[in-house]
Number of protein chains: 2
Amino acid sequence: MGRGEAPVEITEIVRLLGRLPGFGRRSARRAILHLLKHRDGLMRPLGQALLDAADQVSTCSRCGNLDTEDPCGICRDPERDQRQICVVKEVADLWALERSATYRGLYHVTGGLLSALDGIGPDDLNIPMLCRRAEQPEVEEVILAMDATVDGQITAHYLVESLAGCGVTVTRLARGVPVGGELEYLDDGTLSQALEARRTM
Amino acid sequence: MGRGEAPVEITEIVRLLGRLPGFGRRSARRAILHLLKHRDGLMRPLGQALLDAADQVSTCSRCGNLDTEDPCGICRDPERDQRQICVVKEVADLWALERSATYRGLYHVTGGLLSALDGIGPDDLNIPMLCRRAEQPEVEEVILAMDATVDGQITAHYLVESLAGCGVTVTRLARGVPVGGELEYLDDGTLSQALEARRTM
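None of these values were measured; they are calculated from a predicted model.

Chemist: What should I look at first to understand the pattern of salt bridges in this one?
Modeler: Pairing between side chains of opposite charge can happen when the charged atoms of each approach one another. Residue and element names in this part refer to chain A. The full count for this structure, using the stated rule, is 18 salt bridges over all chains. Ionic pairing is found between arginine 76 and glutamate 69, a salt bridge with its closest N-O pair at 3.1 Å. Taking relative accessible area as the criterion, glutamate 69 reaches 44% and is therefore assigned partly exposed. Close ionic contact of aspartate 147 with lysine 89 constitutes a salt bridge, the shortest N to O distance being 2.9 Å. Here aspartate 147, found in the loop between β5 (141-144) and α7 (150-163), pairs with lysine 89, found in the loop between β3 (81-88) and α5 (91-100); they are 58 residues apart in sequence, far enough to count as distant. Residue class for aspartate 147 comes out partly exposed when judged on its relative accessible area of 25%. Since its relative accessible area comes to 18%, lysine 89 is described here as buried.

Chemist: What is the right way to read the packing of helix α1 (residues 8-17) of chain A against helix α2 (residues 25-37) of chain A from this model?
Modeler: The relative placement of two packed helices is expressed as an angle between their axes plus a distance between the axes. Residue and element names in this part refer to chain A. At a minimum axis distance of 8 Å, the contact between α1 and α2 shows a crossing angle of 125°. With respect to their mutual orientation, α1 and α2 come out oblique. Here α1 runs over α2; the crossing is right-handed. From α1, Ile10, Ile13, Val14, Arg15 and Leu17 reach across to α2, where they touch Arg25, Ala28, Arg29, Ala31, Ile32, Leu35 and Leu36. For the contact of α1 with α2, the class distribution of residues is nine nonpolar, no polar and three charged.

Chemist: So what exactly am I meant to see when it comes to the interface of chain A and chain B here?
Modeler: It is common to report an interface's size as the accessible area lost on association of the parts. Across the boundary between the two partners, chain A contributes 57 residues, which contact 57 residues of chain B. Interface area for chain A against chain B, summed over the two sides, is near 5,400 Å², with a carbon-plus-sulfur share of 69%. Across the contact surface, chain A and chain B share four salt bridges. B:Arg44 is the salt-bridge partner of A:Asp55, the closest N and O atoms lying 3.0 Å from each other. Within the residue set of the side of chain A that touches chain B, elements represented by two or more residues are α1, α2, α3 (39-56), β2 (66-67) and α5 of chain A. Examining the composition of the side of chain A that touches chain B, we find that 16 residues originate from one element, α3(A), more than from any other. Across the side of chain A that touches chain B, the residue classes tally to 30 nonpolar, 10 polar and 17 charged.

Chemist: Looking at this structure, I do not really get the packing of aromatic side chains. What am I missing?
Modeler: The description of an aromatic ring pair uses the distance of the two centres, along with the angle that the planes make with each other. Residues and elements named next belong to chain A. Inspection of every chain in the model, using the stated rule, returns three aromatic pairs over all chains. For the ring pair tyrosine 103 and tyrosine 107, a centre distance of 5.2 Å and an interplane angle of 70° mean the geometry is edge-to-face. Here tyrosine 103 falls in the buried class, since its relative accessible area comes to 11%.

Chemist: Looking at this structure, how should I read unusual backbone geometry?
Modeler: Residues other than glycine predominantly adopt negative phi, and peptide bonds predominantly adopt the trans conformation. Residue and element names in this part refer to chain A. The linkage connecting aspartate 70 with the following residue, proline 71, adopts the cis geometry, with an omega of 0°. Within the secondary structure, proline 71 is located in the loop between β2 and α4 (73-76). Of note in the backbone geometry, alanine 101 takes a positive phi value of approximately 55° without being a glycine. Tracing the chain through its elements places alanine 101 in the loop between α5 and β4 (105-109).

Chemist: Just to check I follow, could you spell out the confidence of the model for chain A for this structure?
Modeler: Interpreting fine coordinate detail is not advised for predicted regions of low pLDDT. Residues with a pLDDT of 70 or more make up 98% of chain A, whose mean pLDDT is 92. On the interface metric, ipTM, the complex scores 0.83, and its pTM is 0.82.

Rules used throughout
Residues numbered from 1 in each chain as written. Chains lettered and ligands numbered in written order. Predicted model: local features only at pLDDT ≥ 70, side-chain atom pairs only at ≥ 80, totals over all residues. Heavy atoms only, no water. Salt bridge = Lys/Arg side-chain N within 4 Å of Asp/Glu carboxyl O. Buried < 20%, exposed > 50% of the residue type's maximum accessible area, 1.4 Å probe, protein only. Helix = DSSP H or I, 4+ residues; strand = E, 2+ residues; numbered from the N terminus. Axes fitted to C-alpha atoms, helices over the stretch in contact; angles between N-to-C directions. Parallel < 35°, antiparallel > 145°, perpendicular 65-115°, else oblique. Left-handed = near helix turned anticlockwise from the far one by under 90°. Contact = heavy atoms within 4.5 Å. Nonpolar A, V, L, I, M, F, W, Y, C, P; charged D, E, K, R; others polar. Buried area = accessible area lost by both parts, 1.4 Å probe. Phe/Tyr/Trp six-rings, centres within 6.5 Å; stacked < 30°, edge-to-face > 60°. pLDDT = per-residue confidence, 0-100.

Next comes the structure, spelled out in structure tokens:
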């Protein structure tokens with residue numbers, strides 16, 4: 001930061017914040033000034049919350065969700081439908097589905113998608129555990145909620161093969177016009193899939 | 001986050017991160033997952049650094065800079081030119097000037113700009129201290145490095161009046177074509193000021 005630089009206590013936070021996704025040096029500098037203006041309401045609680053969560057949050061050994069207990073709250077909840085397992089690539093997707101408040105079954109987090117470009121193969125993902133869970137007698141359906149991207153679909157196809165013989169129905173999310181979507185701006189692939197999968201009203 | 005919600009340890013961090021400027025809930029959720037994947041390299045150091053800085057960093061009682069000591073490193077540096085005081089609205093501007101590595105004098109941080117809209121008057125800014133500093137016999141020049149915005153210019157004019165009678169020369173930053181600026185895309189005000197202030201080559 002030049003010769004009359006900020007103290008190392010500040011530059012260190014700028015450096016660390018700058019490593020967060022979507023956060024550059026400039027936003028990090030704005031953030032640290034904001035934090036220093038709100039020490040008791042924001043800066044200290046955030047620091048303490050980060051330390052606490054780093055110690056207390058762990059990955060569920062069954063489904064890969066993040067929680068303070070293992071198995072996680074969803075796996076332990078007897079009201080969740082034990083017959084369904086919804087496969088997502090990461091916890092953020094699980095959170096998104098939970099926010100939609102439609103799904104009441106269990107989850108399985110693979111920890112990523114197969115990607116030839118990024119060198120991510122089946123051994124890098126949490127797939128063997130999924131096959132073991134799918135073989136349990138109570139499980140009837142595995143829902144593949146993967147991204148509608150190339151890597152997402154390759155992963156979905158791989159999972160269909162891996163789950164063959166487990167005695168479960170494997171389904172995937174519907175494709176179609178997103179809520180609020182305007183036809184004019186939809187891509188051809190979405191439009192043609194929405195047309196093919198049309199429903200009687 | 002729905003019924004199978006993330007543990008409170010995580011939602012609390014999402015809430016706090018979401019209060020940083022330029023950070024919404026969505027980026028906060030991405031950030032917390034990134035943090036949990038890098039606990040030892042990023043999450044714990046960031047938490048500890050925030051707690052440390054909240055305790056150790058304070059505002060320099062002379063110039064308004066942020067440092068772990070008071071007066072700050074710049075005010076205490078005998079090699080800085082004691083004849084010049086550069087006035088900026090906040091510490092981020094001081095850092096920007098320090099990065100440019102051109103200025104070797106002292107600073108004064110007002111803590112904001114006069115703003116009728118935001119209800120910020122002279123009493124809300126650190127101006128009396130600036131006048132006292134400008135009256136010191138060693139001070140020869142006060143450089144107003146305020147934004148070239150309406151509020152910045154109103155503040156600069158107010159400071160010129162406040163500093164009248166302190167026996168200092170009051171200057172402001174030059175206006176003109178920014179480095180890398182293409183004439184075609186410059187606004188009329190910048191162009192006309194650059195033309196008026198043209199220099200012999």
